[in-house]
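Residue-level listing of the chains:
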Amino acid sequence: MSQLTHINASGEAHMVDVSTKAETVREARAEAFVTMNQETLAMIIDGSHHKGDVFATARIAGIQAAKNTWQLIPLCHPLLLTKVEVTLQALPELNQVRIESCCRLTGKTGVEMEALTAASVAALTIYDMCKAVQKDMVISTVRLLEKTGGKSGHFKVEA
């Protein structure tokens, strides 16, 4: 098993020192799914939801969350993201919404947590906006799809 980088020699949690790392272009993509009733999804798709444009609100929430990941996850570094993209896709055949996030920067540490946070918060925002209509929606499969850059190189989930 590899050594955990956020644990020091005494076994205490600490923030990793990245000052000696090289700056590289780093990118990460993540996804999340929200499963709901057909009627709830139809309201989102046709724009009849009483709270307004659910996808637009979730997209902005995901972008905002990525930029603030360092305030939510205690050992994350504050990052100067150069790209945050959140896309939402209705999957009526599955009664789901698929959320994909992409974060990029040129820096000394990766953006996996930012991509995962963006997808998660976008999913939570969909739940928040639709909970008056349906309380038993399910947020599932929040996962990293791909990362590039840095010492660990390229990682991609096989299809």
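Residues numbered from 1 in each chain as written. Predicted model: local features only at pLDDT ≥ 70, side-chain atom pairs only at ≥ 80, totals over all residues. Heavy atoms only, no water.

Draft legend 1. Representation of the overall build of the chain. Counting secondary structure elements, the chain contains four helices and five strands. Starting at the N terminus and ending at the C terminus, the chain contains elements arranged as β-α-α-α-β-β-α-β-β. For the chain, the spread of C-alpha atoms along the three principal axes comes to 55 × 30 × 30 Å. Evaluated residue by residue, the chain yields a buried proportion of 38% over its 159 residues. Taking the contacts inside the chain whose residues are at least 6 apart along the sequence as the reference set, 71% of them involve residues at least 24 apart. In the form shown here, the chain has an accessible surface area of approximately 9,100 Å², with 56% of it arising from carbon and sulfur atoms. In the chain, which carries 16 positive and 17 negative side-chain charges, the distance between the mean positions of the two groups comes to 5 Å. (Helix = DSSP H or I, 4+ residues; strand = E, 2+ residues; numbered from the N terminus. Buried < 20%, exposed > 50% of the residue type's maximum accessible area, 1.4 Å probe, protein only. Contact = heavy atoms within 4.5 Å. Areas by Shrake-Rupley, 256 points an atom, 1.4 Å probe, with all protein chains shown as cover. Lys, Arg positive; Asp, Glu negative; His and termini not counted. Charge placed at Lys NZ, Arg CZ, Asp CG, Glu CD.)

Draft legend 2. Looking closely at the UniProt feature "active site" (unreviewed entry) in the chain. This chain's UniProt record puts "active site" (unreviewed entry) on Asp-128. Positionally, Asp-128 belongs in helix 4 (residues 112-130). Judged by its relative accessible area of 37%, Asp-128 falls in the partly exposed class. (UniProt positions renumbered as here; feature names shortened; annotations may be inferred.)

Draft legend 3. Representation of the pattern of salt bridges within the structure. Scanning the entire structure with this criterion turns up seven salt bridges. Linking Glu-27 and Arg-104 is a salt bridge whose minimum nitrogen-to-oxygen distance equals 2.5 Å. One end of the pair, Glu-27, is in strand 1 (residues 24-35); the other, Arg-104, is in strand 3 (residues 96-107), and 77 residues separate them in sequence. Residue classification places Glu-27 among the partly exposed positions, given a relative accessible area of 21%. A cluster of three or more residues bridged by salt bridges with shared partners is formed by Arg-29, Glu-31, Arg-98, Glu-100, Arg-143 and Glu-146. (Salt bridge = Lys/Arg side-chain N within 4 Å of Asp/Glu carboxyl O.)

Draft legend 4. Representation of a nonpolar patch on the surface in the model. A contiguous nonpolar surface patch, about 230 Å² in accessible area, is contributed by Leu-124, Ile-139 and Val-142. With respect to the element layout, Leu-124 can be found in helix 4. (Patch = residues over 30% accessible without salt bridge, like charges linked within 9 Å, V, L, I, M, F, W, Y side chains within 5 Å.)

Draft legend 5. Representation of the pairing of strand 2 (residues 83-91) in the model. Of the pairings in the sheet, the one linking strand 2 to strand 3 comprises nine bridges and is antiparallel in character. Bridge pairing in strand 3 places Thr-87 opposite Glu-100. Counting the residues between successive antiparallel strands, the hairpin from strand 2 to strand 3 contains four residues, one of them, Asn-95, with a positive phi of roughly 55 degrees. (Pairing = 2+ DSSP bridges.)

Draft legend 6. Here's a closer look at the sheet that holds strand 3. With antiparallel pairing, five strands are arranged side by side in an open sheet as 2-3-1-4-5. Strands with a single pairing partner mark the edges of an open sheet, and in this sheet they are strand 2 and strand 5 (155-156). Sheet topology places strand 4 (residues 138-148) next to strand 5; two bridges connect them, and they run antiparallel. Each bridged residue has a counterpart across the sheet, and for Lys-147 the counterpart in strand 5 is Phe-155. The strands touched by helix 2 (residues 54-67) are strand 2 and strand 3; relative to strand 2, the strand with the most contacts, the crossing angle is about 145 degrees. Along the sheet face, helix 4 touches strand 1, strand 2, strand 3 and strand 4 and points at about 25 degrees away from the line of strand 1. (Axes fitted to C-alpha atoms, helices over the stretch in contact; angles between N-to-C directions.)

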